[in-house]
Amino acid sequence: MPKVGVLTGGGDCPGLNAVIRGVVKSAEAKHGWQVIGIEDSFQGLILPGKTREMNAFRIRGILPQGGTILHSSNRANPFEYPTEENGKQVVRDVSDQVFVHFKELGLEGLVAIGGDGTNRIAARLFDKGLPVVGVPKTIDNDLRATDVTFGFNSAVTTAMEALDKLHTTADSHHRVIVMEVMGRYAGWIALESGIAGGADAILIPEIPFDIKAVCDKVRHRVEKGAGFSLVVVAEGARPKGGEASVVTEGGKGKGLPRLGGIGNKVGDQIADDTGMDVRVTVLGHIQRGGSPTAYDRILATRFGAKAMAMVAKGEFGRMVCLKGQTITSVPIHEAITDYKYVPLDSGLILTAEAIGICLGR
Ligand code: F6P
């Protein structure tokens with residue numbers, strides 16, 4: 001039986017296990033391939049003894065599980081692999097080791113499930129001769145190559161449910177509650193969860209905000225008799241003329257800063273300006289955990305089955321994606337170069353403003 005490896009890289013995301021299952025089950029039921037699970041992202045191809053045979057029986061029950069049964073890593077780039085030599089930390093290109101282990105395992109293809117970092121590594125390995133198919137993953141939904149990424153719908157649902165809970169406590173105490181959500185430099189999670197959860201103001205990176213507009217909205221609601229407000233802030237949101245709020249520089253193994261803290265800043269400013277009682281909730285990694293929604297389970301299963309079909313046909317160097325209702329693929333190099341932000345003329349923005357949600361302008 002021909003063998004295909006599967007790995008998950010980068011941050012976790014609801015639906016990863018559903019993709020793994022899609023690969024394993026279709027490999028077995030349709031294509032007659034054996035799947036080898038590779039642990040801890042590319043680390044499982046750099047170091048020995050980090051693989052396991054997979055079959056439908058061994059993966060039973062993983063469809064509703066969050067996280068990834070193969071585990072993941074943000075620090076497993078074979079082209080820049082941190083290692084210790086003579087007591088010193090050095091960074092080495094160990095990509096040749098990937099090829100050695102790939103051959104030793106008898107693999108004829110690899111499915112790499114991950115975000116832009118993982119797909120970037122997959123693209124470089126493909127250029128070096130590795131037969132690889134990429135599968136995009138991120139709760140942020142910010143990859144232009146695919147209309148939607150799995151995990152996004154689950155993250156939005158989690159954030160919406162949190163807002164529903166904050167709604168009742170904000171109302172009971174006549175408070176303003178600010179909720180900070182993830183999404184990096186794209187406002188998709190904030191905008192969709194804010195609309196779904198009935199937010200009064202939503203601040204996204206694509207629209208630098210004027211805090212005065214938010215405070216006016218909060219005051220207006222009080223004047224109209226609603227003594228509370230809900231404000232959703234994307235972690236990458238920034239004030240007009242200001243910068244995004246950064247926790248640490250250079251996180252996530254992609255040279256980008258770790259974002260966070262804008263929720264508290266916005267909360268302090270609303271409290272100062274309006275004199276209202278304000279509380280801030282930072283949703284954090286709760287958005288990345290838990291069981292995938294039905295939408296994400298289906299999308300992830302379709303991505304997994306498509307990736308396996310591409311491996312079986314020898315269509316390497318491509319990344320699976322969703323275009324409209326169709327699962328298709330794009331060259332992996334194209335897939336990693338372009339991000340997707342909320343267009344200012346998008347229907348979501350128009351709808352939000354049409355129903356009176358303040359977008360900070
Ligand atoms: O890219 C997914 C994401 O959850 C972002 O929304 C967030 O900014 C980042 O990852 C957090 O990364 P980490 O888990 O490394 O803190």
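Here is a short report on the structure shown in this document. (Residues numbered from 1 in each chain as written. Predicted model: local features only at pLDDT ≥ 70, side-chain atom pairs only at ≥ 80, totals over all residues. Heavy atoms only, no water.)

Taken together, the neighbourhood of the ligand is formed by eleven residues, with Asp140, Met182, Glu235, His285 and Arg288 sitting nearest. The side chain of Asp140 places a nitrogen or oxygen atom 2.7 Å from an oxygen atom of the ligand. If the ligand stood free it would expose 400 Å²; the protein chains cover 86% of that surface. Partitioning the shell around the ligand into residue classes produces two nonpolar, four polar and five charged. In this structure, the shell around the ligand is formed jointly by two domains, domain 1 (3–150 + 292–335) and domain 2 (156–288), each of which donates at least three residues. (Near = heavy atom within 4 Å. Polar contact = N/O pair within 3.5 Å; in protein donor to acceptor, adjacent residues only side chain to side chain. Areas by Shrake-Rupley, 256 points an atom, 1.4 Å probe, with all protein chains shown as cover. Nonpolar A, V, L, I, M, F, W, Y, C, P; charged D, E, K, R; others polar. Domains from an automatic or database assignment.)

Another aspect to go through is helix H8 (residues 262–274). Taking 1.5 Å per residue, 13 residues should reach 18 Å; H8 reaches 18 Å between its end C-alpha atoms and fits that length. Listing the buried residues of H8 in full gives Ile262, Gly263, Val266, Gly267, Ile270 and Thr274. The buried residues of H8 occupy an angular sector of 135° when the element is viewed end-on, so they sit on one face. Elements in contact with the buried residues of H8: strand E8 (176–181), strand E9 (201–203), helix H7 (211–223), strand E10 (229–234) and strand E13 (278–282). After H8 finishes, the residue Gly275 shows a positive phi value of roughly 75°. (Helix = DSSP H or I, 4+ residues; strand = E, 2+ residues; numbered from the N terminus. Expected span 1.5 Å × (residues − 1). Buried < 20%, exposed > 50% of the residue type's maximum accessible area, 1.4 Å probe, protein only. Arc of directions from axis to C-beta. Contact = heavy atoms within 4.5 Å.)

It is worth spelling out the nonpolar core at this point. Core analysis: the largest hydrophobic core is formed by 65 residues, its most contacted members being Met54, Val111, Ile113, Val135, Phe150, Met179 and Ile202. Element by element, the count of residues in this core is highest for helix H5 (residues 152–173), at eight residues. A domain-level breakdown of this core finds at least three residues from each of domain 1 (3–150 + 292–335) and domain 2 (156–288). Non-local contacts of Met54, meaning those with residues more than four positions away in its chain, are made with Val6, Ile20, Val24, Gln34, Val35, Ile36, Gly37, Ile59, Ile69 and Leu70. With 28 residues, the next largest nonpolar core counts Ala76, Val98, Ala145 and Ile332 among its residues. (Core = buried A, V, L, I, M, F, W, Y, C linked by side-chain atoms within 4.5 Å.)

The next point concerns the sheet that holds E9. One open sheet holds the four strands; their spatial order is E9-E10-E8-E13, and the pairing between them is parallel. Strand pairing shows two members of the sheet lacking a second neighbour, E9 and E13, which therefore form its edges. The sheet shows a mean angle of 15° between the axes of neighbouring strands, direction not considered. The pairing of E9 with E10 spans three bridges and is classified as parallel. Each bridged residue has a counterpart across the sheet, and for Ile202 the counterpart in E10 is Val232. H5 rests against E8, E10 and E13 of the sheet, and its axis sits at about 165° to E8. (Pairing = 2+ DSSP bridges. Axes fitted to C-alpha atoms, helices over the stretch in contact; angles between N-to-C directions.)

The next thing to look at is the pairing of strand E1 (residues 3–8). In terms of residue burial, E1 counts as a mostly covered element, since five of its six residues are buried. Across six bridges, E1 lies against strand E6 (residues 107–114) in parallel orientation. When the bridges of E6 are listed, Lys3 appears paired with Leu107. Pairing of E1 with strand E2 (residues 34–38), which is carried by four bridges, proceeds in the parallel orientation. Paired with Lys3 across the strands is Gln34, a residue of E2. The parallel pair E1 and E2 is bridged by helix H1 (residues 16–31), and the resulting crossover is right-handed. (Right-handed = clockwise from strand over helix to strand, strands pointing away.)

It is the contact of helix H6 (residues 188–196) with helix H11 (residues 347–354), at a shortest axis distance of 11 Å, that shows an interaxial angle of 40°. One finds that H6 runs oblique with respect to H11. In this structure, H6 crosses over H11, and the sense of that crossing is left-handed. Here H6 contributes Trp188, Leu191, Glu192 and Ile195 to the contact with H11, which in turn contributes Leu348, Ile349 and Ala352. A class-by-class count of the residues in the contact of H6 with H11 yields six nonpolar, no polar and one charged. (Parallel < 35°, antiparallel > 145°, perpendicular 65-115°, else oblique. Left-handed = near helix turned anticlockwise from the far one by under 90°.)

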